[in-house]
Every structure is written in structure tokens, then in C-alpha cells.
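If you want the building blocks of each chain, they are given just below.
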Amino acid sequence: MSWSVHSAKPYRLCIIHIFCLDKMAATMWTEIIENYVRGEQKEGVTSITAEITNGQQTVENFVDSMGTYLMSTETRIRAKGVELMSEVLTSLPRAFLNQQQIQVLIEFLCARLLDHHSITQHTLKGLLAMSSQSSFPPSSSVQVMTAIFKEVQVQTMLQVDRRTVYNIVVNLLRISLTELQGMGSEFVLGLLHAMDGEKDPRNLILLFNILPTVINNFKIDMFIEETFEVVACYYPVDFHPPPNDPYGISREKLALSLKTCLSSTPKFAQFCLPMVMEKLSSDLQTARLDSYQLLQACAPVYSQGDMMSYIEAIWSYCRKELMVGASVELDQEAVKTLGAVVKAVSTGIQSTSSGGGGDGDLNSFLRNILTECRQHLCEPDHRMIHPCSKLLVAVATASYPACIVVLKYSVPILLDQFHIFDQTRERMVLLDIIQRLLHSGHDHIKEADDWRAIHAHHLDTVVTTVLSTLAKDQGVPDLRKAGLGTLGELVQVPVLMDQSRLELVGQELTRILLEEANVDVRCECIKTVSCFASRHTEFVKSTILTTLWTTVQKGESGYQRIVVDMATIVTNTSDDLSRSLTSELMVEIAKTELNSEQHLVYLATLNTLTAHLSSTPSNLESLLSSVVHPLMKMVVSATLQSSVEAGNNPHCCGEVLVAMAEVFRTVVPKLDTSMGSKLCQCAVDVFLHGNLTSLELTNPNTSVPFSPLDPRAPVHQTQLVTVLQPIVCSLRRDIHMPSSKQLMSSLLHIAAHSRAWLASTWAAKGLAGVVNKHPAGSALDEVLVEAEVLVEAESLLGQAMSSGQEGPVKQQALMAWVLLTKALVMRSHPKATTFLTTLLRLLEDAELGAQVPQTLGMLLEDMGDVLSEGLHADVKIMYKQRVFLQALPFVMALFNKDDLQTRAITALCHLLPSIPRPVLLAELPPIIPRLVQSLRVTDPRPTLPILDILESLLEETLPSLVDQADTLLPTLLELSAYQASMKVRIASLKCVGAITSFPHHLVYPHQETVVRSLAPRLDDKKRLVRQEAGKARTKWILLQQDTKG
Amino acid sequence: MSGREELDNVNPTIHGKLGERHILPTEEDDDVADAIDTREVFDLIRNINDPEHPLTLEELNVVQQAEVEVDDPGNVVKVTFTPTIPHCSMATLIGLAIRVKLIRSLPSRFKVDINIKPGTHVSENAVNKQLADKERVAAALENNHLLEVVNQCLTQRD
């Protein structure tokens, strides 16, 4: 059947025939449709869709009632009719229509494409709606595409309508790729024709995303060049999104998707590579950047032969890029590109010895570049050796054949130069390059023969040459560092390290670790020893590590440093070495005759080792039995002695206990549920119930029972709470805590009443940790009530108590209260608000009020030893916001009381730094005037934190701060001359500098004043202030230049 | 940099850089006055960028700490710089950049002398004269294009 463009009758016949019209329903919508078509009412669509979707009416009825309009002889009315129909179809749910309905509708819509051009856009929308339906019959896709390609002049339409076409293509490619493939070249040509000349970035992104599918799934051999031209005309992308672009399309996004298109098939190579070469010679940095990135993407896809024929050109562009060194980013991209290209052309080449085929090309290329570089490699004092070496390293890293050629050629040259140049600087440059080249070799070169060839006639001397740079009386620390770096690579080369050289290197490294004073050199030496140890573990263990450990045991000066270095070496090397050092350390820690300072050093090192070991779950069991339990046993047995003996025992020293607790805190959070429960049961048995059997101990001293959590226990027992805290507070949240109520209650009493500072602090932290994780319920509530009675009523607010003597007790109570509050607000416990309010009321307290602002900071800070997420604490999101919002009114109220303003400022200083940025920005406007005002107080020293916050805020150019610029600037300039504190001067000068990021029209009027008032600051008596003044002043001076330029 | 293709000195020798100045305890003491010394002045100029290489004047040995003289009480700063090659066309520009940097960062009480190291440049006298002439310096800075080039040299690279 053929359709004539303006005769409407056949459509009607078709529809009537297929949908079996129901005359009754057809009249139902007459009014709505009439209104819509006249352009009066748009709401009709919703009601029609609603009735169709809920089943009251059918699509068939709807189409039928549209009949008169779709048949109208007036183009405008037909257009309106199709528009309404498309809108209704679009708003139907995706799985609403069945195949048959869709087929009929497509038939109709495709026919409409022949109609007047003003109707086309609406028809396309209808087709898009159809292609989005989930039961779209794949067989119809060919029909749709053919109709569109034949009848629609895509590029003459508006952006939105072009987009509709592309979206239809996207949908159809997804649903029916196979069917479309049947269209063959017709589809490809149609699409190319449709998109040819597209300019809108939104559409282009869409097109670039579908093109790789088309290119890879259709036969495009006949139109490779056309396809390429259609895509490549956008290269390199030149697009600047308008300010406030709502579509979020950036140049980078476009460039990326274009890159994917161009690199999607090797067939593009013959056209793409010449184009890239042309762009690489461009003066535009972005064009070169895009070209490098495109080459990196193309190299693995395009054929080896294609890449090979351009490799010389690519090399010369990369070389030029690095030699000029216009930007770091370009340098990096050029180096990456060279690597990618060399890697691509080397695939399949196993060795360079055979001279056949592509290998020969690669070889001659490599020979060429090496000859070019030779001159530069021989001038280590000149600049060009640096870009040269970067290029060579990139080539060497790329593939085995390239690596072997480059290293064989350049390493001997560099070693020769090392002997010719005896200046430190040049030698450092040479060593550095040798190191990087050798490093690139470790991935590729496995054969001993290859290594022998690389070191050629230097085989016997290279190690000693490098060792000579390490001699004590030789050169500067930087040379020794460079020497150690190179040595680190050499020790991994198997052929170089025979027994005698092993010994030589071992001795030298040991000497450096024992004697070297420069921190950087030691650091490098540790890296070298670690490399050494990974290859020759047994040797390093029996020589270097043994010597070091003997020195440590002697306790000579510097042993602290050495033991730390040892820990770094063993953790870098292997778990076995770490375990053996751990057990050595445990032996030392068990010795009570060592002083507490030695204990602290060993425990800190032990902590490093356990941190490393515990990161592997399989090590945890052994850590528990070899570290945690023995340590616990040590401290408990020490407290079983009489208090006199205990006083001399380092295991009873508070600092040692804290250091042990640190070790526990490292291991315990990583325990799984079963290990955790066992440990927890054991700890509660021992410390709460005084049951020593699980530690295999008995109390020899029956007169003093072992019950550390009893408030009446002697101090040296009570302070064991320090080591209990990390165990009960760091476990997973799902581990059940036995006797938890009794535990919390005991901790509460120690926290509030113990006279020992150590015990009360750690008890308070322990309590907070347990409360935070304890399941909600009566046990927890009772403890909280007890706490309120004990702490709030008796100690804090009980004004009746005499103040003088009870001062410390009150502070302890305050601390316990703060930690409890923190535990509660973090988990959003219902009681949290009450606790926090009590704390906030104390802001006005005469005695404790001055300390409350600091404690507000504690509420928000992340603590390392308790209540942190790493220790499995229950932290609800936005808890900081809640605390801040609750505290703010109390703090702001203080500003209204004359004598409490400083306290209010201190509170803000502690609150603001921990508040998340978005909340801060939202809450800031009312606070800012107060902050600015606070800067004008007589002694600005306490406001230092405010200046720091201000500086970071100024850089963000908040509107509320920008408004204050006129008041802020004079205040800051005044502060920059504040003689009593250089820190205030520096901080305010930083702020002055940061203000330059404000909108130009606001700051520019101040330029002259600021530049003039900063001039005297350049003559400040403090150097650091002068530096800052110089920086700020330069920023203000450059301000003027921006507008002129 | 318009002359990218034809650099005066294509492959210059490069030299080491000083580390950051260590902050001494006295420098953090509010009551001690720190005198302006050669290192401080050198720190101001050593990071000026060379107009034609991605390197600083310090790395090219154009300026050296030993070539900076400071007389804090006498209010005099003398800087002698060494162009990388005797016919370096950038010598005036480098001198100008050093002068502008020092004008902006030193207290105004100082008299600043910038000179080319004797015997290191073919038109040494002409350049010295140009750099010492206040009016010619001021006039140069009125030239926006020149000022932009100078500012580029003075902008710290990251």
C-alpha cells in the first residue's frame, strides 16, 4: 500500500481496521482532545494517560478518538494531533504496550514521517516512545531506521529533535543489533549522513558513545574514510562550556569519548595516525595533550605495522616535548605515550638477537634513539641528560626487547661517565639514572646472561664503584643517598652478588645503619636493606640484623633509632622476620631489670610490628598467644607483689602500661568474634572478678586480694584499668560483654572517685567505650542513672561541696561526664540531649566553666584511643552536626554577657575546626559578625584558631564573608602589626593574602591601601612574618595585572 | 615564550638547589629580631623562573648566594648575576625580574643594586646602566607586555 503525503484517509482506514473501533469510547475524550488541539489546554495528557494506564480505557480507543484530528486537512491540526498522541505514548509505563500494538503504532508513525515537515518532530517523539517500550519487536527496528534515514533530514532539525533521532538509534542498537546488522551499509551510511555536521556537545557525547558499537559491529570497510572523517572533524575537541552549564558537559568528557571512538578499530590507523602527527606539532598545549592521550589509547588497538611506521615521528615529538619542558603534565603524557607505543610494537617479539621481520625495525629504531641520546648521556652536568633519561626509562619499562637493548647500551656508558666525572653532582645524576634504568629491568629481565651482558665489562667493578660513594669521608649525604638507591637495585641482580660481594655489601650497610647521622640517608639505607633482605633473607638475618640486635641489647646510645630501623626493615621484608623480631622484643620486655625508658622503646617497636602482623588475619591467633596474653600476665603478676616492690618494677610504671595498652589497641580491633569473645571473657575474669586461673597465676599475697576494679584496691592495682580499657573498648560491636553492668558500674566509680589521675582517666575512657557499644536496655539505663546521680548531683553541680579541696575531683568528674556524653551523642542515645545540656549549662559555671569550651572540642574530635570508628565504636552519621547545633545557642548566648565573651570565642575556636564543611557553611552567616568582632579584642592571641579557620573560609569566598570584606580588611591589617605575637601577625597576613580570591570588583578598590599598609610589614623584625608579608603583598600587586592583561 | 624554537642556550648546565631554610628556634621567638641576611634575599630571588627554560635562576647558577651582599643597617642590597652565556639576550629581562621582585619584597629603606658579573656578558655595561636607571625601569614596567613577562618569571611554579 502506498501513502500519499496529504491524504489522511488511508491512516484512518488502517487504524479502524486494526483496532476494531468502539464508537462509544471514542467520544469520551472529545472535549479534552479538542482543547489540546486548539492549544488551550495541556493537562489533557495526564488524565488520558491515567485512564489508559489504570485500564479504564484502551490505547485503541484513544487512537480512534483522535481520528478526526489525525485526518484533518489542516497541517496544524494534524501536527497537534500527532503531538498529543506522542505525548501520551511517551508517558505510558515502559512495559505497557504489547508487540502487536507497538507494531501497528510504528506502522502508523513511520507513515507520518512522509507528512508535512512540521509533523516530523512529533512523530519522532512517538517513535522514541515506542523504542523505549520493553516489548518492542526487534523486527520493526529495520523499518523504523529505514524510514528515518530515508525521510528525515536530521541536520535541518532542532537540537532536541536531533537528539530524539540519536536516542532512537541508541535504543534500537541495544534491542536489535542483529536485525540492524542485516541493513548493512545502508544503516552505516544513514547514520553517518544523519550525524554529519552535528555541533551540539550534548548530542555529540551521545553519538561518540554509540559509534564504537557501530564501528565494531557493522561492515564499515567500504566507508572507513567517511566514517573516520565524520568523527575526526571534531578532533581535537575545542569546546568551552558556558558558565553555570546545567548539562555538566566538559571538554574533558567530550575528548574522552571522542578518544574512545577514534581508538575503537585498527582500521582507522591509516587516517588517524597522520592526523595525530599533525596535531602533535601544534602550538596548542591541549591539542598536544589530547594527541598524546589518543596515541596511548590507539597504540594497543592499532596494528603493529601501522605503529611501527610512525614510531620515529612519535619519538621525535616526545623528545621535543621533554627537551622544551613546557609543562609537567605534557612531559608525563609524552613519556607515557612513548612507553605505550614501544610496548605495542614489541608484542610478540621475544628477543632482539634474531634479525628477522618486525624485530629488525624495532631494533633499528632503538639503535637510532640510543645514538641520539649518547651525546647527552655523556654530559651529566647539562640539562638534556634529564629529559633523555626519562625517555630511555620509559622505553626500557615498556617491553623486554626494548629494555634489554636500552640497558645493554646505556648502563655501560653511564658507568663509564661515572669514572670520568668525579664531581658529586654529576655522579648523583648518573647514579639516579642507573637506578631508574635498572629498576625498569627487574620486571622484564629474568635471564642471568642478560644481566651479565648489561653490566658487561663493569661486572666485577660495578658493586665496588657504587659502594665507594658510601664511604664515610666521601661526598655529601645526597650522594650517599643516590648510591644507596642504586645499590638497592644492584643487590637484586643475581649475577652480581657472589658470596664475597654479599659480605662486602652487608658490612657496608650495617656500618651505615650504625653510624650514619643523616636521617634521609638512613631512610634510604633501610629501603636498600629491605630490597637486599627480600632477595637474600637468610644472609641479612644472620649478618646485618644480628649485628644490629646485639648493639640494641647493649643499650648503647642510639639503640632506640636502631631498633626502630630494624622494625621497618623486617616489616618491609617478610612476616617470618617480623615474628622473630617480635619474640626477641618480648624477651627483652619481660626483663624487669631494664629501665622503663627501654621498655617504652621496645613497646613502641613492638606496636609497629604487631600493627604490620595483625593486618594478616592468620597471624592473629599467634599474636594473641605470643604478645597479648604474655603482656597481660606480666603486668598482673607485677601488681601481685607488695606495693614497695611494685613501685620499682617497670611493669607497674604508668607510661609502660599506656604503651602496652597501645599494643592491645592495635591487635584487639582486628580479632574476629570468637577470638574477641574469648579474650574479653578472660579480661573480665581477671580484672573484674580477680580470677587469675586463666593467666596461670596465683596471688601469693593473701592479705591484699587481687581486685583492681574495686575502689578500695591499692593504686598500683587500680591503674591496671589502663590495659583493660583497650580490650573492652576495641572489640567488635557484636561481641557480648559478660558482667557488663558490674563492669560499667565499677569503671564509673573509679572514674569519679579514684585519686590516681591515670586510673580515673582510663576508667572514664573505658566506661565511655563500653557505654557506646552496649546494647540499649535496662542495664545501660540503670548505669546512666547511676552516673547522673554520682557525677552530676554530687560533684559537678553540687554547689554545697567545698570548692578548694575538691577541685581535682570535680575536674575528673567533668572529664568522665564529657566522655560519657560523647559516647551517647555518637550513638544518638535518647539520653544524649540531657547529658549534653547539662554540660552546656556548665559553660556559665564559675568554677568549671573555663574548662568547658575545651571539652566541647573533645566531643567533636576523633580520639585515637577510644570511641573511634577504627575501634568499632557506634558512630551515627551527622552526630557532629547535632552536637554543634545544640551547642551553638548556648555559646552565642555567652556573647551577650560581658565577662564571658572570651569563653564564647574559645568555645567557637574548639567547635568550628571539627565541623564538616557543608554544615559550617550553612551555619556560618550568623556567626561571622561575631568572629570578625572577636578579632578586635585587646588580646588577639586566643583568636589564632579563628584566623586559621578564617583563612580557609576566605579562599572559598563565602558570600557572607565577602559582605564583611570592608570591615575585615582593616581589622586584619591592624592585626598584622600586632607586636606581641608573631603567630597572630603571620596568620592575619595569610588571611590578607587569601582575600585576593574575592570577586575582583570588591577587592580591587582596596588594592592601593593594602599594598601601602603591607609595606612596613616587609620590615618586620621577624623573618617568618616578612616572608608572609611578601607573599601577601605580591598577591595584591598581581591583582592589578589580572585586569590589565 | 615566542622563541621556543630558537633558544639562546639550548642545553644549559644545571646546578643543585639549596634546601628550604631551616627555621631556627630563635626565629620563632617573639622577642628576637632577625636581621635581613644574604640567605633571606637569596631566597627571594632564587625561585625566579628563567624566561626561556623551565628552570629557576638558582638551578642555572644565574644567581648564587655568594653573589648577594646585604648590609642591613646600611640599607644596601647588592645582587650580581651571571648570564648563562655571554651573548644572552635575556640578560636585561632577568635583571629586571630580579629588580622587580626585590622592589616588591624588600623594605623600601633598601637601595638595591643589580649588576652583571664583570666579564660574563658582551654588553655588560649597557645592561648595567639600563638596570640602574630608575626612569628606564619605571618606563619598562609601564609596558604591559613586558610587565606580563616579568610577572610570569615571578610567579611561583608548583
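All residue numbers refer to positions counted from 1 along the written sequence of the respective chain. Chains and ligands are labelled by the order in which they are written, letters from A for the one and numbers from 1 for the other. The predicted origin of the model limits local features to residues at a pLDDT of at least 70 and limits the giving and counting of side-chain atom pairs to 80 or more, whereas totals for whole chains, interfaces and linings rest on all residues.

The name recorded for chain B in an unreviewed UniProt entry is MIP18 family-like domain-containing protein, from Strongylocentrotus purpuratus. UniProt positions are given in the numbering used here, feature names are shortened, and annotations may be inferred rather than shown by experiment. Its UniProt record gives chain B the following Sequence similarities (unreviewed entry) comment, quoted word for word: "Belongs to the MIP18 family."

The name that an unreviewed UniProt entry assigns to chain A is MMS19 nucleotide excision repair protein, with the source organism given as Strongylocentrotus purpuratus. Recorded in UniProt for chain A, the comment headed Sequence similarities (unreviewed entry) runs: "Belongs to the MET18/MMS19 family." Reading the Subunit (unreviewed entry) entry of the UniProt record for chain A gives the comment "Component of the CIA complex."

Draft legend 1. Summary view of the overall build of chain B. A helix here means a DSSP run of H or I that spans at least four residues, while a strand means a run of E at least two residues long, and both kinds are numbered starting from the N terminus. Assigned secondary structure in chain B consists of five helices and three strands. Its helices and strands taken in sequence order, chain B reads α-β-β-α-β-α-α-α from the N to the C terminus. In terms of overall size, chain B behaves like a compact globule, its C-alpha atoms giving a radius of gyration of 16 Å where 158 residues would be expected to give roughly 15 Å. Buried means a residue has 20 or more other C-beta atoms within 10 Å of its own C-beta, exposed means 12 or fewer, and partly exposed covers the counts in between; C-beta atoms are placed from the backbone. Counting over 158 residues, chain B shows a buried share of 32%. Counting only contacts in chain B whose residues sit at least 6 apart along the sequence, the fraction spanning at least 24 positions is 66%. Each radius of gyration is computed over the set of C-alpha atoms, and the globule rule expresses the reference value as 2.2 Å times the number of residues to the power 0.38. The contact rule is simple: place each C-beta atom from the backbone, and if two of them lie within 7 Å, those residues are in contact.

Draft legend 2. Representation of the interface of chain A and chain B in the model. Facing the 24 residues of chain A at the interface are 22 residues of chain B. Of the residues belonging to the side of chain A that touches chain B, the class tally is eight nonpolar, seven polar and nine charged. For this scheme, ten residues count as nonpolar: Ala, Val, Leu, Ile, Met, Phe, Trp, Tyr, Cys and Pro. Four count as charged, namely Asp, Glu, Lys and Arg, and the remainder, Gly too, count as polar.

Draft legend 3. View of the confidence of the model for chain A. All names here are of chain A. On a range of 0 to 100, pLDDT expresses the predictor's confidence in each residue. The predicted model of chain A averages 84 in pLDDT, with 93% of residues at 70 or higher. Per-element confidence in chain A ranges from a low mean pLDDT of 44 for helix α1 (residues 9-19) to a high of 93 for helix α35 (residues 654-667). Contacts of residues 797-805 to residues separated by more than four positions or lying in other chains number four contacts, the stretch itself having pLDDT below 50.

Draft legend 4. Inspection of the pairing of strand β2 (residues 76-81) of chain B at higher detail. All names here are of chain B. Residues of β2 alternate between two faces, with Val77, Val79 and Phe81 buried on one and Val76, Lys78 and Thr80 left unburied on the opposite face. Strands pair, by our definition, only if DSSP identifies at least two bridges between them. Note that strand β1 (residues 68-71) and β2 share four bridges and pair antiparallel. Following the sheet pairing, Glu69 is matched in β2 by Lys78. Hairpin connection from β1 to β2: four residues lie between these consecutive antiparallel strands, with Asn75 at a positive phi of about 60°. With six bridges joining them, β2 and strand β3 (residues 111-116) adopt parallel strand pairing. Residue pairing for β3: Val79 is matched across the bridge by Ile114. A crossover counts as right-handed when, viewed with the strands pointing away from the observer, the path leading from the first strand over the helix to the second turns clockwise. Handedness of the β2-helix α2 (residues 91-105)-β3 crossover: right-handed.

Draft legend 5. Geometry of the environment of A:Val405. All names here are of chain A. Its location among the elements puts Val405 in helix α22 (residues 400-420). Classification of Val405 as buried rests on a count of 21 C-beta atoms within 10 Å. Distance in space between the C-alpha atoms of Val405 and Pro137 is 59 Å, their sequence separation being 268 residues.

Draft legend 6. A look at the UniProt feature "domain: MIP18 family-like" (unreviewed entry) in chain B. UniProt feature "domain: MIP18 family-like" (unreviewed entry): in the numbering of this structure it lies at residues 39-114 of chain B. What you have in residues 39-114 of chain B is 30% helix and 18% strand, and the ends, taken at the C-alpha atoms, are 16 Å apart.

Draft legend 7. Representation of helix α36 (residues 673-688) of chain A. All names here are of chain A. A rise of 1.5 Å per residue sets the reference length of α36, with its 16 residues, at 22 Å; its end C-alpha atoms lie 21 Å apart and thus fit the reference within 8%. All of the buried residues in α36 are Met675, Gly676, Leu679, Cys680, Ala683, Val684, Val686, Phe687 and Leu688. Its buried side turned inward, α36 meets α33 (620-639), α38 (721-729) and α39 (740-753). Gly690 sits one or two residues past α36 and shows a positive phi near 65°. Multiply 1.5 Å by the residue count of a helix minus one, and that product is the helix's expected span.

Draft legend 8. Fine view of the UniProt feature "domain: MMS19 N-terminal" (unreviewed entry) in chain A. Feature annotation in UniProt places "domain: MMS19 N-terminal" (unreviewed entry) on residues 63-323 of chain A, given in this structure's numbering. Secondary structure over residues 63-323 of chain A splits into 72% helix and 0% strand, and the C-alpha atoms at its two ends are 71 Å apart.

Draft legend 9. Geometry of the nonpolar core. Residue and element names in this part refer to chain A. One finds Leu338, Val341, Met660, Leu767 and Leu820 to be the most contacted residues of the largest nonpolar core, which totals 340 residues. Counting residues per element, this core draws most heavily on helix α42 (residues 803-827), which supplies twelve residues. Boundary definitions for the domains trace back to an automatic or database domain assignment. When residues of this core are sorted by domain, at least three fall in each of domain 1 (759-915) and domain 2 (918-1045). Residues within four places of Leu820 in sequence aside, it is in contact with Leu767, Ala768, Val771, Ala787 and Phe835. As used here, a nonpolar core is made of buried Ala, Val, Leu, Ile, Met, Phe, Trp, Tyr and Cys residues. They are joined through C-beta atoms within 7 Å.

Draft legend 10. Geometry of the domain arrangement of chain A. Residue and element names in this part refer to chain A. Taken domain by domain, chain A holds domain 1 (759-915) and domain 2 (918-1045). The distance between the C-alpha centroids of domain 1 and domain 2 comes to 34 Å. Across the contact, twelve residues belong to domain 1 and eleven residues belong to domain 2. The set of elements that each furnish at least two residues to the side of domain 1 that touches domain 2 consists of α45 (879-894) and α46 (901-911). The element best represented in the side of domain 1 that touches domain 2 is α46, accounting for five residues.

Draft legend 11. Molecular detail of the sheet that holds β3(B). Residues and elements named next belong to chain B. The mixed open sheet is built from three strands, whose spatial order is β1-β2-β3. Looking at which strands have only one partner, the edges of the open sheet turn out to be β1 and β3. Taking each pair of neighbouring strands and ignoring which way they run, the sheet shows an average axis angle of 10°. Helix axes are fitted only over the stretch in contact, all axes being lines through C-alpha atoms; the angle between N-to-C directions runs from 0 to 180 degrees. Where helix α1 (residues 38-46) meets the sheet, it contacts β1 and β2, and its direction lies at approximately 130° from that of β1.

Draft legend 12. Broad picture of the packing of α45(A) against α46(A). Residue and element names in this part refer to chain A. Here α45 crosses α46 at 155°, and the two axes come no closer than 8 Å. Overall, the two elements α45 and α46 adopt an arrangement that is roughly antiparallel. As α45 packs across α46, the resulting crossing turns out to be left-handed. Every residue of α46 that contacts α45 at Phe884, Ala887, Val891 and Leu894 is listed here: Gln901, Arg903, Ala904, Ala907, Leu908 and Leu911. Here the residues of the contact of α45 with α46 sort into eight nonpolar, one polar and one charged. By the definition adopted for this analysis, an angle is roughly parallel if under 35 degrees, roughly antiparallel if over 145, roughly perpendicular if from 65 to 115, and oblique otherwise. Definitions for this section: a left-handed crossing has its near helix turned counterclockwise from the far helix by less than a right angle. A right-handed crossing has that turn clockwise.

Draft legend 13. Just unusual backbone geometry, in detail. In the segment running from A:Tyr235 into A:Pro236, the intervening peptide bond is cis, with an omega of -10°. Locating A:Pro236 in the fold gives a position in the loop between α14 (224-232) and α15 (251-262). The residue B:Asn61 is not glycine, and still its phi comes out positive at about 60°. Checked against the element boundaries, B:Asn61 lands in the loop between α1 and β1. Residues other than glycine seldom take positive phi values, yet B:Asn75 does so here, at roughly 60°.

Draft legend 14. Quick peek at the packing of α33(A) against α35(A). Residue and element names in this part refer to chain A. It is the contact of α33 with α35, at a shortest axis distance of 11 Å, that shows an interaxial angle of 155°. Taken together, α33 and α35 sit at an angle that is classed as roughly antiparallel. The two elements α33 and α35 cross, and the hand of that crossing is left-handed. Counted together, Leu623, Val627, Val628, Leu631 and Val635 of α33 and Leu657, Met660, Val663, Phe664 and Val667 of α35 form the full contact between these two elements.

Draft legend 15. Region of the structure containing helix α5 (residues 144-154) of chain B. Residue and element names in this part refer to chain B. All of the buried residues along α5 are Val150, Cys153 and Leu154. Across the axial projection of α5, the buried residues extend over an arc of 95°, all falling on one side. Turned more than 90 degrees away from the buried face of α5, the exposed residues are Asn144, His145, Glu148 and Gln152. Against the buried residues of α5 lie α2. Each C-beta atom gives one direction from the helix axis, and the arc is the one those directions make.

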